[in-house]
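# Chain and residue survey
Chain by chain, the residues run as shown.
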Amino acid sequence: MAREAVRETLGALRLAEGVVDDAVTMVSELATNAFVHALGGRPLLVMPTAGLPEVQIYGRGRGRGTEVVVRVFDSASWCGTVPSGAGNLRPPTEAEGGRGLELVNALTVEHGGRWGAHRSRSQTGLTPVSGKVVYFTLPVAMPWRPTRRDCHEAARELRRLLAARGIGPLHLNEGWRMAVVSVRAEITVWVRDETFFITLPGAGAACHPVCDVVEVAEAIVRCNEDLNACARR
Ligand SMILES: Nc1ncnc2c1ncn2[C@@H]1O[C@H](COP(=O)(O)OP(=O)(O)OP(=O)(O)O)[C@@H](O)[C@H]1O
Ligand SMILES: [Mg+2]
């Protein structure tokens, strides 16, 4: 299913055939990892109502271009050290496994993309569940032209996306050509002049065009999960 979803979506974005083939290989590695390392490599006898692995695909602006993000979510903790780059990926020559992420690293570098892993929350199922995503990105040769929104629509859409992930209570204040979404004490988002202004602990201040509302929601979900994990320690 992961391979099919990526082939269909990236094919529709008219990425070159070779790039789509490589993306299918990469998602195959990530989905296999979710099956083997997170689900224990066994078919599920009882289907849980939440927390199943997910393939998530979305677009975002990057510089003047567009980037497609492909992520595989699972709700298990990482086995061993969370990979942070090419440095800790090379397995010993005689090892039978440990090459999937090395392959993802090599293919993203080849196509000018990036990859990584971070905390997140599920998007499907009866209730949102904490977990992690392993993702890769690929540049897309088409301008980023998503739906235009005014600041109030953008703030409401952000609130909807965050509430759907079980984040809150959220407070939305709308004013003259501006809106403020308060997510938690550490996270407040200002929306003004078709731009999200946001400061996230650990990531610093950033601004995003309002059309990148999905990306902003994802960054907040990630930060929220990091803060919750810190509070539990
Ligand atoms: N979704 C995941 N959940 C938990 N741990 C993971 C996950 N994906 C990868 N890992 C950890 O990272 C390691 C490296 O993953 P990688 O895909 O490179 O190798 P592998 O799955 O062990 O072997 P191969 O992919 O070569 O068959 C895994 O052995 C596992 O410990
Ligand atoms: Mg693997």
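Residues numbered from 1 in each chain as written. Chains lettered and ligands numbered in written order. Predicted model: local features only at pLDDT ≥ 70, side-chain atom pairs only at ≥ 80, totals over all residues. Heavy atoms only, no water.

### Looking at the site of ligand 1
Condition: Here, proximity means that at least one heavy atom of the residue falls within 4 Å of the molecule or strand. Here a polar contact means two N or O atoms within 3.5 Å. Within protein one must be a hydrogen donor candidate and the other an acceptor candidate, and residues neighboring in sequence count only if both atoms are side-chain atoms. With residues, only the protein chains shown are counted as cover, and all accessible areas are computed by Shrake-Rupley using a 1.4 Å probe. Grid points spaced at 1 Å over the protein atoms alone were grouped into cavities, where a 1.4 Å probe fits but cannot get out, and pockets, open sets with protein on both sides within 12 Å along at least five of seven lines, with lining residues defined by an atom within 4 Å of a point. Cavities and pockets are treated as containing a molecule whenever more than half of the molecule's atoms lie within 2 Å of their grid points. Only DSSP runs of H or I reaching four residues or more are called helices, and only runs of E reaching two or more are called strands; each is numbered from the N terminus.
Around ligand 1, the surrounding shell holds 14 residues, and the nearest of these are Asn33, His37, Gly98, Arg99 and Leu101. With respect to ligand 1, the backbone of Cys79 contributes an N or O atom lying 3.1 Å from an oxygen atom. Lys132 is positioned with one of its side-chain polar atoms (N or O) 3.0 Å from a nitrogen atom of ligand 1. Here ligand 1 has 600 Å² of accessible area as a free molecule, and 75% of this is covered by the chains. Here ligand 1 occupies the second largest pocket. Elements with a minimum of two residues in the shell around ligand 1: α2 (17-38) and α3 (100-110).

### Overview of helix α4 (residues 151-164)
The condition that has to hold: A helix's residues, less one, multiplied by 1.5 Å, set its expected span. With a 1.4 Å probe rolled over the protein chains alone, any residue whose accessible area is under 20% of its type maximum counts as buried; one over 50% counts as exposed, and the rest are partly exposed. Pairs of residues are marked as contacts when any of their non-hydrogen atoms sit within 4.5 Å.
The end-to-end C-alpha distance of α4, which contains 14 residues, comes to 20 Å, matching closely the 20 Å that a straight helix rising 1.5 Å per residue would cover. Within α4 the residues assigned to the buried category are Cys151, His152, Ala154, Ala155, Glu157, Leu158, Leu161 and Leu162. As for α4, its buried residues are in contact with β5 (171-175), β6 (178-184), β7 (187-192), β8 (195-200) and α5 (213-232). Structurally, the start of α4 carries an N-cap: the backbone nitrogen of His152 is 3.0 Å from a side-chain oxygen of Asp150. Gly166 sits one or two residues past α4 and shows a positive phi near 75°.

### Overview of the packing of helix α1 (residues 2-12) against α2
Angle between the axes and distance between the axes: these two values describe a pair of packed helices. Counted only if it meets this: Axis definition: a line fit to C-alpha positions, over the contact stretch in the case of helices; interaxial angles, taken between N-to-C directions, run 0 to 180 degrees. Each angle receives one of four descriptions, namely roughly parallel if under 35 degrees, roughly antiparallel if over 145, roughly perpendicular if within 65 to 115, and oblique otherwise. For any pair of crossing helices, the crossing counts as left-handed if the nearer helix is rotated counterclockwise from the farther one by less than a right angle, and right-handed if it is rotated clockwise. Throughout this entry, Asp, Glu, Lys and Arg are counted as charged residues, while Ala, Val, Leu, Ile, Met, Phe, Trp, Tyr, Cys and Pro are counted as nonpolar. The remaining residues, Gly among them, count as polar.
The geometry of α1 relative to α2 is characterised by a closest axis approach of 9 Å and an angle of 150° between their N-to-C directions. With respect to each other, α1 and α2 are oriented roughly antiparallel. Note that α1 runs across α2; the crossing there is right-handed. Between α1, through Ala2, Arg3, Val6, Arg7, Leu10 and Gly11, and α2, the contact on the second element is made entirely by Val20, Asp21, Ala23, Val24, Val27, Ser28 and Ala31. Classifying every residue of the contact of α1 with α2 by side-chain character gives eight nonpolar, two polar and three charged.

### Observations regarding the domain arrangement of the protein chain
Counted only if it meets this: Domain delimitation follows an automatic or database domain assignment. Throughout, buried area stands for the accessible area (probe radius 1.4 Å) lost by two parts on being put together, summed over both. The term salt bridge refers to a pairing of a side-chain nitrogen on Lys or Arg with a carboxyl oxygen on Asp or Glu at a separation within 4 Å.
You can read the domains of the protein chain as domain 1 (2-140) and domain 2 (151-232). One C-alpha centre belongs to domain 1, the other to domain 2, and the line joining them spans 24 Å. With 13 residues of domain 1 at the contact, the number on the domain 2 side is 15 residues. Three residues, Tyr58, Arg119 and Arg121, lead the burial of domain 1 against domain 2; their summed loss comes to 49% of the area buried on that side. A salt bridge links Glu218 to Arg71, with the nearest nitrogen and oxygen atoms 2.6 Å apart. Counting across the domain 1 and domain 2 interface gives 12 residue pairs in polar contact (both at pLDDT 80 or more). At the level of secondary structure, the elements contributing two or more residues to the side of domain 1 that touches domain 2 comprise β1 (54-62) and β3 (115-121). Taken together, the residues of the side of domain 1 that touches domain 2 break down into two nonpolar, seven polar and four charged.

### Thoughts on the sheet that holds β6
Strand pairing in a sheet relies on backbone hydrogen bonds. The paired strands run either parallel or antiparallel. Rules: A pair of strands is treated as paired once DSSP finds two or more bridges between them.
The strand order across the open sheet built from five strands is β5-β6-β7-β8-β9, with neighbouring strands paired in antiparallel fashion. Strand pairing shows two members of the sheet lacking a second neighbour, β5 and β9 (204-209), which therefore form its edges. Taken over all neighbouring pairs, the strand axes of this sheet differ in orientation by 15° on average, direction set aside. The sheet contact formed by β5 and β6 spans five bridges and is antiparallel. Looking at β6, one finds that Gly175 is bridged to Met178.

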